[in-house]
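Residue-level structural notes
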There are 2 protein chains.
Amino acid sequence: MGGDFAPRATVAGALAALADVGAEHSVQLVGQSDVISRELEALLDGEAAGVTDGRARIEIIEAPDVIQMGERPSAAIRSKPKSSMMVGLKLQAEGRSDGFVSAGSTGAQMAASTVVLRLHPGLTRPAIATLFPTSRAPIAVLDSGANVDCSAEELVQFARLGVVYAETVLGRQDPGVGLLSIGEEAEKGNAVVKEAHQLLRAAGLNFIGNVEGRDLPNGACDRGAIDVVICDGFVGNIILKLYEAIGPMISGMLGKALGTDEDSLREALKSLDYNEYGGAPLLGVRGVSIISHGKSSSRAIKNAIRAAIRAVDTGMSDHMGRRLGEAAGASS
Amino acid sequence: MGGDFAPRATVAGALAALADVGAEHSVQLVGQSDVISRELEALLDGEAAGVTDGRARIEIIEAPDVIQMGERPSAAIRSKPKSSMMVGLKLQAEGRSDGFVSAGSTGAQMAASTVVLRLHPGLTRPAIATLFPTSRAPIAVLDSGANVDCSAEELVQFARLGVVYAETVLGRQDPGVGLLSIGEEAEKGNAVVKEAHQLLRAAGLNFIGNVEGRDLPNGACDRGAIDVVICDGFVGNIILKLYEAIGPMISGMLGKALGTDEDSLREALKSLDYNEYGGAPLLGVRGVSIISHGKSSSRAIKNAIRAAIRAVDTGMSDHMGRRLGEAAGASS
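What comes next concerns the included structure. Bear in mind that the values here come from a model prediction, so they are computed numbers and not experimental data.

Some details on the overall build of chain A
Each helix and strand in chain A was counted, giving 14 helices and 13 strands. At 20 Å, chain A has a C-alpha radius of gyration in line with the 20 Å of a compact globule built from 332 residues. The principal-axis extents of the C-alpha atoms in chain A amount to approximately 60 × 55 × 35 Å. Looking at chain A as a whole, 55% of its 332 residues are labelled buried. Across chain A, the fraction of contacts at a sequence separation of at least 24, relative to all contacts at a separation of at least 6, is 69%. In the structure as shown, chain A presents an accessible area of about 13,600 Å², 48% of it carried by carbon and sulfur atoms. Separation between the mean location of the 32 positive side-chain charges and that of the 40 negative ones in chain A comes to 3 Å.

What follows is the structure, given as structure tokens:
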């Protein structure tokens, strides 16, 4: 029920995902079942469904409540236990599903995921990992909006989560971790970042040091490739939204200056489009919770479902729990 | 003497500026006079000087010491009173020049400008204002690197400085001030930003509220055009370097995908090139101190000198002092 183009884009995205992935996968659509049924039937009757066995691989789960974008997350999840958010996540806690995807309120999804799925031991907060396209491979930036004021210890937790995400879901070996700052020297940065730099040096990770804003589009700095970038959610959210908006601005400038048509530009800059990535995992929870952009198209939803499947298939959450346990053991 | 391509780019930039501006303007080149003389003579003898009365409008001022990029700013300005930085700024304090431009160490320039020119009453720190190109007019972002950890009161000071800069140098009427945050609602942001939001509402400025990363490339948000964006220097420096690096990344992607040649792309994206803006004023000091990019080309130096002239001609610093005095009067 969440997202600017729900439920149409969500249902269409689910069908598109089913058409793309193996027949062993199925989707539960959680929300107001009469609304969802209507959308689903219309799409299945149409030409665009793309999947022939849609009815067999889709289950509709009733959840009468809808959390609105303006509601305070903690209050909303308490007062609306029958929201699609809470009902959908409980399916996973009960073992009836493997992953959860939503384009609804990010704050509510974080709060509900933390309450229903719970965090791995030793964590104080979950973090959102967003993929930033670069001239090389995409890099994972976390936290990109879950936590505004973070301690140095929390930044180190994010680094541990990001490394396992990069290894499992992104398939990177010994991922390089950069700490976002304003100079490569250890003494550059604000107070929290300077402290985090020292902690990260002793964290047993492939810490490549501070990275700067200019290193992000390159996906690398002088000291090597960057797979994971660590920052607090205030900085992460600002740069994420900036990054998303620059592609369209530049397309506009080029369209005007060079007369290149919009479609060619969009195709050439496809890797900058968040619809390609579809969703950002909420890392740290025991399970899989993928946060999709509020403006998600059906293509974004499809890609978010694929991201969920990848996280499940690679055992991301279990790996994370194990690695956090090892880190806790090493430091005690 | 400062900057990656000094003294050649600096001297060439000074000559290019003289060719561009009225004959009433002259330039003092401050540094090791033998090195500067050699560069100057070579350029004036060559074809590229662009100005015929160069010798008459250029004065060389001896300053034997050079502050290196790695030096601690406060120590460097104390131990090297005869550096080009200190000598050049003292010319202004002594009334022998009107503005100062450097591509040397930003930290040293800030420290030296604060010590030599001093701050307007009521200020605790100077701030660097950088112009960000947008699909409309450029916006001034401050602070973009002078101050990493800022109080809410300091963010309000930056807003006052930015407004006068936008009015005088950029020629904006009743400039719109946005506070960079992660959502437009007053309660979104980190602790300092939430406090600054409340203070800005009562500051007597055209405060348009919080703006997000995505609003920057548009130069506007739902609530109107943005002229000035306020953030601490940690966030400001990260987004500045990110912004600078994205243009080249996208050019590279388009060059590959569309086969558009590099020169056409560079020309089309010229407004994203920091060499076009040349320099960022250090606001809050009593006088004019323009900070140029360390990688400044002669074109960047030329544009930085033009920026200094504009700041002098519009009486920017005096306006700032008056406005800060009025604000202090209104609140006491």
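So much for the structure itself; the text now carries on.
A closer look at the pairing of strand β7 (residues 177–180) of chain B
All names here are of chain B. Residues V177 and L179 of β7 are buried on one face, and the alternating residues G178 and L180, pointing to the opposite face, are buried as well. Across 4 bridges, the pairing between β7 and strand β8 (residues 207–211) is parallel. Residue L179 lies in a different strand from β8, and its bridge partner there is N210. The handedness of the β7 to β8 crossover, carried by helix α8 (residues 191–201), is right-handed. Pairing between β7 and strand β11 (residues 228–230): 3 bridges, direction parallel. Bridge pairing links V177 to V228 in β11.

A short note on the relation of the copies chain A and chain B
Expressed as a screw operation, the relation of chain A to chain B combines 0.0 Å of axial shift with a rotation of 180°, fitting to an RMSD of 0.0 Å. The superposition of one copy onto the other is thereby described by a two-fold rotation axis. Take the interface residues of chain A: 100% of them recur as interface residues in chain B, which is what a same-surface contact looks like.

A few points about the sheet that holds strand β8 (residues 207–211) of chain A
Residues and elements named next belong to chain A. If you walk across this open sheet you meet the 5 strands as β5-β6-β11-β7-β8, and the pairing is mixed. Each having just a single partner strand, β5 (130–132) and β8 make up the two edges of the open sheet. For this sheet, the mean inter-axis angle between neighbouring strands, taken without regard to orientation, is 30°. Here β5 runs beside strand β6 (residues 139–142); their pairing, made up of 3 bridges, is antiparallel. For T130, the partnering residue across the bridge sits in β6 and is V141. Sitting on the sheet, helix α7 (residues 152–168) touches β5, β6, β7 (177–180) and β11 (228–230), and the angle it makes with β11 is about 165°.

Concerning the sheet that holds strand β4 (residues 127–128) of chain B
Residues and elements named next belong to chain B. Reading across the sheet, the 4 strands line up as β3-β13-β12-β4 and stay open at both edges, with mixed pairing between neighbours. Taken across any chain shown, the strands that pair with only one partner, and hence form the sheet edges, are β3 (100–102) and β4. Relative to strand β13 (residues 289–292), β3 runs parallel, the two sharing 3 bridges. Note that in β13 the partner of S102 across the bridge is I291. Relative to strand β12 (residues 279–283), helix α7 (residues 152–168) is tilted by about 125°, and along the sheet it contacts β4 and β12.

A closer look at the packing of helix α1 (residues 8–20) of chain B against helix α2 (residues 33–45) of chain B
Residue and element names in this part refer to chain B. At a closest axis distance of 10 Å, the pairing of α1 and α2 adopts a crossing angle of 50°. The angle between α1 and α2 places the two elements in the oblique class. Of the two elements, α1 crosses α2, and the hand of that crossing is right-handed. Within the contact between the two elements, α1 uses R8, V11, A12 and L15 and α2 uses I36, E39, L40, L43 and L44.

Some words on the packing of aromatic side chains
All names here are of chain A. For the structure on display, the rule yields 2 aromatic pairs over all chains. Both rings, one in F132 and one in Y243, keep their centres 4.6 Å apart while their planes meet at 50°; by these two values the pair is tilted. With F132 in strand β5 and Y243 in helix α10 (residues 233–258), this pair connects stretches of sequence that are 111 residues apart. The class of F132 is buried, set by a relative accessible area of 1%. By relative accessible area, Y243 is classed as buried at 6%.

A word on the side chain of K302 of chain A
When you line up the elements, K302 of chain A lands in helix α13 (residues 298–313). Excluding residues that lie within four positions of it along the chain, K302 of chain A makes contacts with G13, A16, A17 and D20 of chain A.

Considerations on the interface of chain A and chain B
Size of an interface, as often reported, equals the accessible area lost when the parts are brought together. With 42 residues of chain A in contact, the opposing surface of chain B contributes 42 residues. Here chain A and chain B share an interface that buries about 3,800 Å² over both sides, 80% of which is from carbon and sulfur atoms. Run the count over chain A and chain B and you get 2 salt bridges. Among the salt bridges present, the one from E212 of chain A reaches K241 of chain B, with a minimum N-O distance of 2.3 Å.

Quick notes on the packing of α1 of chain B against helix α13 (residues 298–313) of chain B
All names here are of chain B. Taken N-terminus to C-terminus, the directions of α1 and α13 make an angle of 50°; their axes are 7 Å apart at the nearest point. Regarding the angle of α1 to α13, the classification is oblique. For the crossing formed where α1 meets α13, the hand is right-handed. Contacts between α1 and α13 involve A9, T10, A12, G13, A14, A16, A17 and D20 on the former and, on the latter, S298, I301, K302, I305 and R306. Looking at the contact of α1 with α13, its residues break down into 7 nonpolar, 3 polar and 3 charged.

Cut-offs applied
Residues numbered from 1 in each chain as written. Chains lettered and ligands numbered in written order. Predicted model: local features only at pLDDT ≥ 70, side-chain atom pairs only at ≥ 80, totals over all residues. Heavy atoms only, no water. Helix = DSSP H or I, 4+ residues; strand = E, 2+ residues; numbered from the N terminus. Rg over C-alpha atoms; globule rule 2.2 N^0.38 Å. Buried < 20%, exposed > 50% of the residue type's maximum accessible area, 1.4 Å probe, protein only. Contact = heavy atoms within 4.5 Å. Areas by Shrake-Rupley, 256 points an atom, 1.4 Å probe, with all protein chains shown as cover. Lys, Arg positive; Asp, Glu negative; His and termini not counted. Charge placed at Lys NZ, Arg CZ, Asp CG, Glu CD. Pairing = 2+ DSSP bridges. Right-handed = clockwise from strand over helix to strand, strands pointing away. Least-squares fit on C-alpha atoms with pLDDT ≥ 70 in both. Axes fitted to C-alpha atoms, helices over the stretch in contact; angles between N-to-C directions. Parallel < 35°, antiparallel > 145°, perpendicular 65-115°, else oblique. Left-handed = near helix turned anticlockwise from the far one by under 90°. Phe/Tyr/Trp six-rings, centres within 6.5 Å; stacked < 30°, edge-to-face > 60°. Buried area = accessible area lost by both parts, 1.4 Å probe. Salt bridge = Lys/Arg side-chain N within 4 Å of Asp/Glu carboxyl O. Nonpolar A, V, L, I, M, F, W, Y, C, P; charged D, E, K, R; others polar.

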